Structure formats: structure tokens, C-alpha cells
Amino acid sequence: MLILNHLWIIPLLPLLGAAINGLSGLFGAKWPNKAVTAVAIGSTGLSFLAALECVREFLNLPAAQQALPWVKQYFTWIAAGTFRAGFDLQIDHLTIVMLLVVTGVGWLIHIYATGYMSHEGGYYRFFSYLNLFMFFMLILVMAANYVLLFVGWEGVGLASYLLIGFYFLKKSASDAGKKAFIVNRIGDFGFMLGMFLLFRTFGSLDFVTVFDKTRELPADALGQFGILTISCLLLFMGATGKSAQLPLYVWLPDAMEGPTPVSALIHAATMVTAGVYVVARSHILFTHAPTAMLVVASVGAATAFFAATIGLVQTDIKKILAYSTVSQLGYMFLACGVGAFSAGIFHLMTHAFFKALLFLAAGSVIHAMGGEQEVTRMGGLSGKIRWTYFTMLMGTLAIAGAPGFAGFFSKDAILFSAFQHAPGGRILYAVGLASALMTAFYMFRLIFLTFHGKPRFDEHHVHVHESPKSMLGPLVVLALLSIIGGWMAAPSFWGGTDHFTAFLAPVFGAEAAPEAATAAVSEAAEHSLELTLAGVAVATAFLGFFLAFWLYLRRPGVADQIAKSAKGAYTTLLNKYYVDELYAAVIIRPLVWISDNVLWRAVDASGIDGAVNGAAAGTTALGDRLRRAHSGNTRSYAVWVVIGALLILAVIFWPMLKPAAGMVP
Amino acid sequence: MALLDHHLLSVILFTPLAGALLLLLVPRAMENAHRVLGNVFGVLGFVVSLPLLARFRPDVAGYQFRENADWIPSIGAHYSLGMDGISFLLVLLTTLLGMISILSSWKAIQLRKKEYYILFLLLQTGMLGVFLSLDFFLFYVFWEVMLVPMYFLIGVWGSERRLYAAIKFFLYTLAGSVVMLLGILAVYFNAAKSGAPPTFDVPTLLAAAQQFPDGLKVWLFWGFFFAFAIKVPMFPFHTWLPDAHTEAPTAGSVILAGVLLKMGTYGFVRFSLPLLPADAALRGKIIHIVVLLSLVGIVYGALVCMMQKDMKRLIAYSSVSHLGFCTLGIFALTPHGLAGSILQQINHGISTGALFLIVGVLYERRHTRLISEFGGLSTPMPNFAAIYMIVSLSSLGMPLLNGFIGEFTILRGVFEVNKTWAAWAALGVILGAAYLLWLYQRVMFGAVTKPENEKLPDLNLREYATLLPLVVLAFWIGIYPKPFFRYLEKPVQLIVEMVNPGYYKSAEVKSPIDGPLPVAGSIPRSEKVNVEEPAK
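Starting from 1, residues in each chain are numbered consecutively following that chain's sequence as written. Lettering of chains starts at A and numbering of ligands starts at 1, both following the order in which they are written. The model is predicted, so local features are restricted to residues of pLDDT at least 70 and side-chain atom pairs to those at 80 or more, both for listing and for counting; the totals for chains, interfaces and linings are taken over all residues. Think of the side-chain values as coming from all heavy atoms in the structure, minus any hydrogens and water.

## Focus on the overall build of chain B
Each helix and strand counted, chain B has 22 helices and two strands in total. With C-alpha atoms as the basis for the radius of gyration, the globule rule is written as 2.2 Å multiplied by the number of residues raised to the power 0.38. Against the compact-globule benchmark of 24 Å for 536 residues, chain B has a radius of gyration of 23 Å, which places it among compact chains. Each principal axis of the C-alpha atoms in chain B carries an extent, and together these give about 85 × 65 × 45 Å. Think of it in three bands: with a 1.4 Å probe and only protein chains considered, a residue is buried below 20% of the maximum accessible area for its type, exposed above 50%, and partly exposed in between. By residue count, 66% of the 536 residues in chain B fall in the buried class. Only heavy atoms enter the contact rule, under which two residues are in contact if any of them lie within 4.5 Å. Contacts in chain B between residues far apart in sequence, at least 24 positions, make up 80% of those at least 6 positions apart. Under the DSSP-based scheme used, a helix requires at least four consecutive residues in state H or I and a strand at least two consecutive residues in state E, with every element numbered from the N terminus.

## Re helix 12 (residues 250-272) of chain B
Residues and elements named next belong to chain B. The first and last C-alpha atoms of helix 12 sit 31 Å apart over 23 residues, in line with the 33 Å expected at 1.5 Å per residue. Largest kink in helix 12: about 40 degrees, centred on L256. A large share of helix 12 lies buried, amounting to 23 of its 23 residues. Multiplying 1.5 Å by the helix residue count minus one yields the expected span of that helix. Note that the bend at a residue is defined as the angle between axes fitted to the seven residues ending at it and the seven residues starting at it.

## Examining the environment of A339 of chain B
Residues and elements named next belong to chain B. Tracing the chain through its elements places A339 in helix 15 (residues 335-366). Overall, A339 belongs to the buried group, its relative accessible area being 8%. The spacing of A339 and I410 is 71 residues in sequence and 7.7 Å in space, taken between C-alpha atoms.

## Side note on a nonpolar patch on the surface
Taken together, the side chains of W8, L12, L16, I20 and W31 of chain A define a hydrophobic patch exposed on the protein surface, amounting to about 440 Å² of accessible area. Within the secondary structure, I20 of chain A is located in helix 1 (residues 9-26). Exposure above 30% relative accessible area and the absence of a salt bridge qualify a residue for a patch, where like charges join within 9 Å and nonpolar side chains (Val, Leu, Ile, Met, Phe, Trp, Tyr) within 5 Å. For accessible areas, the Shrake-Rupley method is used with a probe of radius 1.4 Å. Any residue's cover is judged against the shown protein chains and nothing else. What counts as a salt bridge is simple: a side-chain nitrogen of Lys or Arg found within 4 Å of a carboxyl oxygen of Asp or Glu.

## Regarding unusual backbone geometry
In this model, L246 of chain A is joined to P247 of chain A through a cis peptide bond whose omega is 0 degrees. Residue placement: P247 of chain A occurs in the loop between helix 9 (227-242) and helix 10 (251-254). Phi at R112 of chain B is positive, roughly 45 degrees, even though this residue is not glycine. Mapped onto the elements, R112 of chain B comes out in the loop between helix 4 (85-108) and helix 5 (113-132). Positioned with a positive phi, L400 of chain B is a non-glycine residue whose angle comes to about 80 degrees.

## Points about the domain arrangement of chain A
Each domain of chain A was delimited in the assignment, giving domain 1 (1-69 + 95-283), domain 2 (289-513 + 543-565) and domain 3 (576-604). Computed over C-alpha atoms only, the centres of domain 2 of chain A and domain 3 of chain A are separated by 37 Å. In this document the domain limits rely on a domain assignment from an automatic tool or a database.

## Some remarks on the interface of chain A and chain B
Between chain A and chain B, the contact holds 73 residues from the first and 84 residues from the second. Defined here as a combined quantity, buried area equals the accessible surface (1.4 Å probe) lost by two parts on assembly, summed across both. Surface buried jointly by chain A and chain B totals about 7,100 Å² across both partners, of which 71% is contributed by carbon and sulfur atoms. The three residues of chain A that bury the most area against chain B are W77, R185 and F196 of chain A, which together make up 10% of that side's buried surface. For the interface between chain A and chain B, the tally reads one salt bridge. A salt bridge links D609 of chain A to K168 of chain B, with the nearest nitrogen and oxygen atoms 2.7 Å apart. For the purposes of these results, a polar contact is taken to be a pair of N or O atoms within 3.5 Å, where, inside protein, one atom must be able to donate a hydrogen and its partner to accept one; residues adjacent in sequence count only when each atom of the pair is a side-chain atom. Linking chain A with chain B are 17 residue pairs in polar contact (both at pLDDT 80 or more), by the criterion used here. Top contributing element to the side of chain A that touches chain B by residue count: helix 7 (residues 171-202) of chain A, with 16 residues. We call Asp, Glu, Lys and Arg charged. Ala, Val, Leu, Ile, Met, Phe, Trp, Tyr, Cys and Pro are nonpolar, and the rest, Gly among them, are polar. Here the residues of the side of chain A that touches chain B are counted per class, giving 47 nonpolar, ten polar and 16 charged.

## Thoughts on the environment of E530 of chain A
Residue and element names in this part refer to chain A. In this fold, E530 is placed in helix 22 (residues 523-554). You can call E530 buried: its relative accessible area is 13%. With 111 residues separating them along the chain, E530 and F419 place their C-alpha atoms 9.7 Å apart. Every residue in contact with E530, bar those within four places of it in the chain, is listed here: D412, F416, S492 and F493.

## What to know about the nonpolar core
By nonpolar core we mean a set of buried residues, namely Ala, Val, Leu, Ile, Met, Phe, Trp, Tyr and Cys, connected to one another through side-chain atoms within 4.5 Å. Among the nonpolar cores identified, the biggest contains 420 residues, and I91, Y146, L285 and M392 of chain A together with F136 and L260 of chain B are the most heavily contacted of them. Here the element with the most residues in this core is helix 16 (residues 341-368) of chain A; it accounts for 18 residues. In contact with F136 of chain B, other than residues within four places in its own chain, are I184, F200, V202, L205, L206, F224 and F271 of chain B. Counting residues in each nonpolar core, the second largest holds 21 residues, with A301, Y331, A343 and L533 of chain A among its members.

Here is the structure:
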């Protein structure tokens, strides 16, 4: 029970790493990069080991104890009046999944980064930030109340801000960091209000209390905006910011300005899934608010589709993956919205494997190409960087949903749940399927453009070289996980148990049960339906692959012709539906204009200050007249002094004299 | 030690004044002696306030360390001092920031050092007097006394438009004080009507004011409100602030933002709240107006902030926004709102004080405050960049730093009363991130564009000494604010019981601090979760 009784060890290790590496720079003592590496890898590695030990200890607990979250209260953080928020950490099955993903994938990416960043300036700063991120992310997934979760929530946002703007000499990088932070703050606005509403309703923000009390409440009806529904919608507003959903997704593609390991860790595998985690964590609230569920599912499906369409035409390798991430996050929300929380978390996990892999492999490609990111200027790399090619192909097969790969099982679980959902399940399913088609298409387009065909770059100038072992090692491990990561759920295809869902059952089980009951189909029929839908999904993925193959390998000219003939649609997609431009025109520019011209210049400078200065000028004029009274004659001053003194005395003592005055008729 | 036992507050109050008097005796020619002595008394002023930490009892309601002596017996004015949890925090903030600002003037002030340090110490005594006085007459004296040194600090040691700013500051504040004087006299005479001997004793007068007819109370409220709103400053009485802040020397800005503005909010808490009329409808109207002004201040201040080209002006407008949170919290009339507001006043002193010090660091190096003159400073000044980042984050309300605790508690208290108010105020949190990060980006990020910025030296030891205490405090309040809330528990309870009598009964509040802390360990939960079967 070493770790289970001292949960704080897990997040504290990366914090120590961040502090040591951060201070090494602050005091100017030039640490060798090796020391930085040792601290960074060591702290996250130990944290990973501690997490493993923690999981082992938790799973050794008696079943009855495992059915409840294991909560440790450390100290009271904020206590004002009735309000109490503590540094309380908890472990349950949902946290375990997140914990292993965060520390495991996080550690791999740390190792990768030691290779990727080895020639960059500010090495210590990079790892200090990256460890800081790990600390906050662990706080986020281990928190036992909403306020501490919010600490992690804001903290990962900060780490993300610092890391996106890591190349702070580039204006686009610091712009992107700032944009990420502010857009996230817009979401946090909702999150905070949601928390206040929950506190007002339940008198506490501890998960255990809030969820226990919610269980006793009647659920809102569909279309009813009760307190639970509004709380859920407000929390979800926060989630749309952090997890880059419509309409707040705009920061994530820009966030690709950060170093590639950051994109892999923060903007693919972990931080951006925090919104999904919050919705899943609050699943009891959400299942009591069907309207909110419908909103979650719709926003998820819409985002999945919308982002995938943009992904079709992007040419920057990281941007393609970024839009793909937005789209896949939409999938996870779609799952949560139809009540399939464990499917959502399942996809969160497999996505962490294959998307981290894809980003890291993309980083390896960029590394090999000497910084080139445009897939239009690549091609034919498959023979030159075999390991990168092979691992990236595994990731692509996984995300496209090739049978047997991790993404196949999780995506299938989501589409299956959506299909069965009432009301509107079929529509959600159709949108999801269309997105899956596009996913397969744009991912294979990426693979073909990058690795196949003829090289479209100057081979004399670009010396394509395979990455060092420190980078390839994590790629291989993640490729392996992208293949086997979904096998836990495999037995369900031959009528066995879905081990992943069973594992999360202590958390989601009770809530997921009524969902299955409403489907009202016999088990056998359900099983055959699942197989049919899986078949459809595989066919769709293959179609996507084939289209990409045909357009980019067989008939390379056709894609351009299509782009030309549908110029309007193509440029709209290429410019991401002009959403950034729209926000700038509708929100940012008017706000700046009003602040500058109306609030500051008109109201402040001319209005208020004008009035004040006007009054002052008036007084000066008056004073000028009164000045004439100041004749310089001492006796006249004396007269004024006496008159003044009398006046003041009269004012002060008038009320006291009143009774006396009253006696005089 | 008897002096410390019975006259601790007087010692704290008059140590700076003693320093000022001593400095008067030092010949003008001994240039260095002035700033050494000034610093000695800056430190001493802080040191003598430290015994408070051990002696002040947060669990005792009411005023402590009372001192009372007849001063002008004929009108009932006393030399009366006392301290409760609210003034405790503000006094410590004042002595700490006083020490830091005096230290920060070491190199910045080259002209007329003797007068500068004398005036600064005088200012310290004036501000401390405001927080410690329990006699309206004495309070008013200190309130006015403090104006004069500040006027000269801006007017003599300020930058280009210093005279305009100094006079504007003086006239604005004076206008407010005159109205307040009338208010004080009105309270004084009306209380005397009942036949009790005339007195300026604050607790007595405020207790008597509870019996005043509502019509009178409304007038009194607005009279005091006018004075305090100018001081805070609340929209639309804020336009003196940007000018005063911008023109004042660094130390003046630090004190102005850190302490002087708090005199306004302190006045609201101490004097305005008890003067609220008893009639619910009437009171509701007043509260609505004040809250509206606070909300406008929060959003308006933040928006205007973004348009500023001068760093100090930007931070000045951010004060308007931040102080809007403080006044909002006060007039929510809930324990969370009030406690959060007072803590936020301390937080604002720490964060904004540090921000002005940061501008001072840059001003000493470049003699300009224009944002466009900087850019890319992270490269030559990496340690400065780190501290500036922490301070920015503390100001914009990042959890685990102080600003978050204050804002969160205020919003939580306001939400209880009115959700729309909380929503508008929370908008300020978004904008806060926008203007602070944008400022940071323009000053620190990017490549160095101006050749004169290329070789700027990083922080020196003295600058660390001014900034690090504030950074440590920011983390302390952010991570473990409980001790601070403990000092506020009792006074806030007294105030809420007076102005919002039904509150504690209806909310069935039991202070969480009174109860024992739950023991760390796996806590038991309700049984029913246990029995649920995992679904297939």
C-alpha cells in the first residue's frame, strides 16, 4: 500500500523534475543537457512506475472496496465560509486508465523528445515545461473534486501556452500560444459558472458528494433546462475549449507551432482529452440531463465531420494530424453523448496510442526532411526512412480502423452505440461513418504523399536520414500499442466479454445499463448487428483507402482537377471555412474598435476626463476672479479669515445651538 | 517590552514618522545617509509590525490592541486605535510594500533624496493611520495627511506630465474627502441628537447610525460612497488613476496601487456597509447601482487596458478592473464575497505592486514605458522573464497563485446572490488573460528589434530582493490561503450579521474552520453506491 497511501508521490515527481530543471536555468548554473535529460526522464519514469504500483495495489483491494473511488484527503486548500476545497486525490478505474495513458505515453514522448530536441536551445526550459505539464495533467486526472480538477485544467492550459510558444522568437508561435490560452479561458468561463451552480445545488464540489446526491435526484426530461442540464452544459462549454470542439476548436490547429513532441503529448494524447475525461467523470450528472447529452453527441458528431472535411485538403503534415485530432475528439464526445462512456474512454486510450505515434512519426519525417512540413514537397520517403514509414503506417491503419488494429475496436464500439441510440442515433451514426470514410482517406493521402510516389523535393539539398534510436524506440512501442491496444475488447466479437468495458464497469456500469435496455434487442440480434456494423465500417475504411490510392498514386493529376472544378468548395476547405476570419470580423475587431474608439477615447478621455478638466478650467476662471480679492492687504486677509472661521463654526455648532435657538421666539 | 504590550499599534504607526523626523536632522550634504536611513526605517517599519503575527488572535471577535486617550475632549475626539482581522492584513501589506518600495527607490531617486524619503515615511504613517484609527476625527486627519506626501511624490519625482497628474490626483481626492467630512459631521451631530455625549468613536457612531431614519442613511451612504469610490477608484471616478500611476515614480505607483486604493475599499467595508438603509427595497436599489458600477468597471477597465500603449497606463486600467471585483464582492453582502474581496485586495497589492516594480526595472534600464520600445526581452533577461511570467499569471488568476483564490471566492459569493452578476464578472477573467498575456508577448517575446535592448542586464540583487518576497507570497496565498482566511473569519461574520442579519440562519452556515479537519485517509461514503452491481 506504499503508493496507494501516498498518492501525492505520482504527481509530485514530475513537479520536482520541473522545479529542478527550471531552477537550473534560473540561477544561470549551466547544467549539461545530460543532467536535464536524466532529471526529466527519471522523474516521469519514476512517476510511471509509481502509477503502475498504484494500479497493482488498487486492483489487489477487495472487490467491494474497488467499487468505490479510493480518496485521500491531504489538506484543505480553500476554506471560506461554507466553502471547502481540498487537495484530495482519488483512484478509481477511470483514473487508472487515464493515469496509465498519461504517465506511460508521457514517458515515451519524453524519451523521444530527448532525441528530437537535442539540438534546440532552451533544452532545460523545454523539459521543465514538459514535466510541469505532467504534474498538472496528473492533478487533473487524480483530483477528487472539481476545484482541484480545475487546478489541473488551468495548469495544463498554462503548460500548453508555454510550450506552444516555446519558439518565442517566432511571432506566429507566441500568437498561437496566446490564442490557445484565451480561447481556453472562454471555455473556462462556462466551467467556472458550472462549478458554482453545482456548489449552490449540492453544497459541495467533491465528486463523491455531488454524484451521490445526483443519484437521488430525478433526471431532467429531454428539452427541460433544469439545474442539472444547465450545469452539464456549462461544464461542457469548458470541455469544448479544452478538447477543441465546435465552436472553440480554433486554437488547436494553430497550436502546431509548438515542437512536435508537444503536439503529440499535449495536443493529441493527453491534454485535449481532458474535456472527454470531465464529461465521463461527470457521467452521472450527464445521464440525468438528456438535453445536455444530446448537445454533447451533436457537437461531437458535427465536430468529427467538420474537422475531417478540413483535413481532406490540408498540406501541412502536422495540420492534417491536428484536424484529425479535432475530429477524433468529436468521436469521443459522440460516444459520451450517446451514453457509451466506456467506449468514449476506450477511444481516448487507443487514440492516445496511435495519434501520439502519428505525431511522433511526423516529427521523425520533419526531422528527416530537415524541417520541411509540407507533404506536397515530400514523396518517396518509404525506402529512406523505413522505421518511420513502417510505424506511421501502423498508426494510419489503426486510426483508419483496419480490422484488428486498436482504432478498429474503439471506433466500432462508438458507431455501434450511436446506431442503437434513440433518438437520432441513426443520424449520428451516419455522420460518424462519413467521418470515418474521410479519416481513412486523408490519412492514406498523407501516407501516399509523404512516403510513396516520386520525391518532390531537391534531393541534392535535403539529406533524408533516419532518426536516432531514442526517437525510434518510442515509435516502435507506440506502434505495438496501436496494434494490440484494442484487443481487450476483441472477445466481444465472438460473443465474449468486452474486457475494457468490464474493467470500467465499477465506474460506468450502473449508468450504462439502462442505455442497453432501451435498445430492446435480444442478445443474439445485437451481436449480429454489431458484426454487420463492423463490416460496414471496414468497407468504409477500405473505400477511403482506395480513393486515396486512386487519386494520389494511380492518377496523380485527378486530385488537382477535382480541386479546380470544385474551386469554391476546395478553397473554402483549404481556408478552413474562414472561421478564424469570421471570428476576427465579428468578435475581435469590433471589440478592439469599441474599446479603442468608444470606451477609451470617447468615454474615458473625452467624456469623463473632459468633464473633469472642464470643471477644473471653470474653477480656474472662477479662481481668477476671486484672485482679485487677494489684494495683498493684510487687514483684508484678516477679515476673510475671521469670516471663514465664523462660517465654519456656525456650520459645526449650528445643530448644537438649536435647542438654545429654539428658546428664542 | 511594555511599549510593545500596550502600545504596539502606536509603535507601528509612528515608527515611519520617527524616521522622517530623524531624517530632518541629517544634513543635506550627507547624500547617501538619507537613503540608507530611509531604508533602515522602511525595514524597521516592517519589523515592528511582525509582533502582530504572534500576538493577534484571529479567534477573537472585535478590535484588539485597543488604545484610547482623550485628544480633543471638547468635541469628543480621541486618539483611538484598534485592529481587527481586516486591518491586520492591510497593515501588514502596508508595512511590507512600504519596505519594498523604499528599497526599490535606491537608484531610481537621485533628486532631493532627503525630501523624498521624509515624504515617503510620512506617507507610510498616514496610510497606517487610516487602517488603525477607530475615531472618525483621527481617521479623517490621517486620510488627509496622506494626500500631501503623495501629491509631492508625484509632483516632484514623477515623469513629464507630473504636475497635471499630481494636481488631478489631489483635487479628485480632495473633492471626495470634503464630501466625506460632511458625512462624518452629519453622523456625529445626528448621533449626538439622542443626548449622548458627543463622540467621534467609530464603533459608537456606527452603532448609533443603525437607528437613523432610512432617508438620512441614504444621504450618508452616498456621501461616503463618493469619497471611497474616488479612492478605489470605481468607474466613472477613475480617470485620475491612469495619470497618477503613469506619472508617479515606481515606488509611488507601487504604494498607490498596493495600499492607497485599498483605503477606498476599506472604507466601504468599515463605514459604508453599516450605513446601508434598513428598508430592503431601498437597499436593493443602492446595491444594484454599486454592483452595476463594479461590473462596468471590471469589463470596461479590461477593455480599455488592451488599447494602452504605455505599460504603466495599462496596469493602471487593470487596477480599475481588479478593484471592480473587490467592490463587487463587498456589496454581495455574503461572507464569501466579503472575505474574497478583502483577500483580493491583498492579492492586488501583491500582484499589481509587483507589476509596477517590473515596469520600474525596465524603466530604470531604458527610461521609457512605451510597449513598442520593447520586444524580445526574454533573450537578454531570462530570469526577469520568469518572474514577470509568474507575476502576470498571479494577476490573471492562475490556480495555485494568489489571484485565483480571491477571484474564485468572490465569484462564488456573488453567484450565491445573483448569477448574472457572476457571469459578467467572470467575463473579466477572460479579458484579464487577454491583456496581460498580450502585454507580456509584446514586451518579452519575439526577436529583439531595438539594438539598445540587446544588452540589457538581467535582475540585480536589489531587484530580486524587492520582487521575490511578493512572488513567495503569491505562491503562499495560492497554495495555502487558509491562514489568511482565518484572520477574516470573525470580522466578516460580524459585518455580515450586521448588514445581512438573516444570512447565517437561512444558510445554516457553520464555519468549516471551526470544525476539526477530516483525517487524511480513505473516507467512508454512502452505502448505496456499494451495493450496485456492475452491469454486464
